[in-house]
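# Coordinates in review
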Amino acid sequence: MDEPKNEVMLDQKLRRLPMGNVAGREEKLKILITNVFSPLQFWFQFVESNNKYNLEGLHSKMSEFYAWHQAPIIRGTLLPGSICAAASKWVGWRRVRILSESPDNATHVSVFYLDYGCEENIACKDLRFLPKMFTDVPAMAVRGALSRVHPLEYMWPGEASMMFRQKVMFGVAYAQVIEEDLQEAIYYMEVYRTKKPGALSVNSLMIQNKLAVNGAELQFSNHCERRLCYVQERLPSFEMLETGAFPMDADREFQKHFRGIVCTASFVMEFKVPHTTNPFLQDLTQALLDWMIGFKKKQIEQITPQWGVMELEYELENELERDLIEWDNDQEEVQTVKKNEEPEQANDQEALQKELQELKELMELHKFTEQEELQEKYLQDIKENPEQANDQETLQMVKKKEEPEQQAKEYGKMFEDMYKEMYNEFSKVHK
């Protein structure tokens, strides 16, 4: 296998673009918005940073390298978190991270583009090992969120996200950074389509079109202008989207289940994540549990006097530990139920196969009987009306059919004569 000797290891991560001290500046920075999930969750590139790190040059070098290294990646290394190179839809090679484990017979795998912040389902044959020389440039996709705007209800409607996407994607935009969340690496900004003075921001346009509410009119706000009472605005988090715990192209059923979790009173008021035994939702549940740990600590710090923080943190740690124990117990229960169901499913499958086989044999017998009856009727018609036969072969079949009948008649006549003769003889002797 043509595997680079200095490929990126599984536990190696691509460093983020360092956050610059740009918050509060009057100048508008030139950006490229590369993917939008909602007005509070999108990814972009600083054009100045792209030029500084020469992202275009990196892509050119990768294309030259993989023109000579055609061996596909080893299938056993297609594990969640692995960093590799992919032949992208943009024509050329891009750096990606594997999001989900690929089954043995799968032909595609889900990946996250580290320089663009978008997700794609890509063929396994289009993936290659990534040499370490291509990791000097940090991941250029930066997390962004509109400042001052909030959804009209608990979560962003599709129309608001669509309007924002149409206004800012596929072209240059300009950003005035209002605040930076260094912990979660998010830039909160006003976004403009032009650099001209006096132009309205996209944020203001959304408020004017009644697709968002102005944050300045809200009574409850906290860190980075996020409302304390609307935890749903924060979810799904960037981490959930970038790791695939919440698919960016999630279907309605998945979104309905997600809203059913984050809109419950126990989740919002008591910080409790409902447990599930659905194996397809385990990654999402675990991601929500992990996210809730940091969120609860932030909320306590903001609403609790300093003298009570230590006591609440201790209670919080105990409660989180109980939640995790319950989660582990649920997973063990799922595995036990699954293990117990396997023999029953095997027996049910065997019984079903037997029933299907019996039904199949019955159908074949019925079909054969029907064919015999039809053939019998057809030959009887030919026998009564020989002129209807359209070939000699059919007449031969009729003749062949009649031969056993004629033989039976002859044998019957012979036995009848013998019986009469024996009866006469017996009568003579009796007299």
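Predicted model, so just to flag it, every value in this text is computed and none were measured.

### Re the overall build of the chain
- Counting its regular elements, the chain contains 10 helices and 12 strands.
- Within the chain, contacts between residues at least 6 apart in sequence are counted, and of these 67% link residues at least 24 apart.
- Just so you have it, the chain exposes about 26,800 Å², and 53% of that area is on carbon and sulfur atoms.

### So, the environment of Asp283
- Mapped onto the elements of the fold, Asp283 is located in helix H8 (residues 282-303).
- As for Asp283 and Thr243, which are separated by 40 residues in sequence, their C-alpha atoms are 9.7 Å apart.

### Focus: the pattern of salt bridges
- Here the structure, examined in full by the defined rule, presents six salt bridges.
- Note that Arg95 is salt-bridged to Asp115, the shortest N-O span being 2.7 Å. Placement of the pair is Arg95 in strand E4 (residues 93-98) and Asp115 in the loop between strand E5 (108-113) and strand E6 (119-123), with a sequence separation of 20 residues. Exposure class is identical for Arg95 and Asp115. Each is buried.

### Observations concerning the confidence of the model for the chain
- Counting all residues, the mean pLDDT for the chain is 76, and 62% of those residues have values of 70 or more.
- Across residues 219-229, where pLDDT falls below 50, the model places 41 contacts with residues more than four positions away in sequence or in other chains.

### Section: the sheet that holds E6
- Read from one edge to the other, the open sheet built from five strands follows the order E6-E5-E4-E3-E7, with strand pairing classed as antiparallel. Only two strands of the sheet have a single neighbouring strand rather than two, namely E6 and strand E7 (127-128).
- Across the sheet, helix H2 (residues 55-66) is in contact with strand E3 (83-87), E4 and E7; its angle to E4 comes to roughly 90°.

### A short note on the packing of aromatic side chains
- In total, this model carries 14 aromatic pairs according to the counting rule given.
- A centroid spacing of 5.8 Å and a plane angle of 85° characterise the contact between Phe37 and Phe246, whose relative ring orientation is edge-to-face. Within this pair, whereas Phe37 is found in strand E1 (residues 29-38), its partner Phe246 is found in the loop between helix H5 (238-243) and helix H6 (252-262), the two being separated by 209 residues in sequence.
- Here Phe37 falls in the partly exposed class, since its relative accessible area comes to 21%.
- Between Phe44 and Phe46, the ring centres sit 5.0 Å apart and the planes meet at 80°, which makes this aromatic pair edge-to-face. For the pair Phe44 and Phe46, one class covers both residues: buried.
- Clustering of aromatic rings is evident, with ring pairs tying together Phe42, Phe44, Phe46, Phe164 and Tyr187.

Criteria and thresholds
Residues numbered from 1 in each chain as written. Predicted model: local features only at pLDDT ≥ 70, side-chain atom pairs only at ≥ 80, totals over all residues. Heavy atoms only, no water. Helix = DSSP H or I, 4+ residues; strand = E, 2+ residues; numbered from the N terminus. Contact = heavy atoms within 4.5 Å. Areas by Shrake-Rupley, 256 points an atom, 1.4 Å probe, with all protein chains shown as cover. Salt bridge = Lys/Arg side-chain N within 4 Å of Asp/Glu carboxyl O. Buried < 20%, exposed > 50% of the residue type's maximum accessible area, 1.4 Å probe, protein only. pLDDT = per-residue confidence, 0-100. Pairing = 2+ DSSP bridges. Axes fitted to C-alpha atoms, helices over the stretch in contact; angles between N-to-C directions. Phe/Tyr/Trp six-rings, centres within 6.5 Å; stacked < 30°, edge-to-face > 60°.

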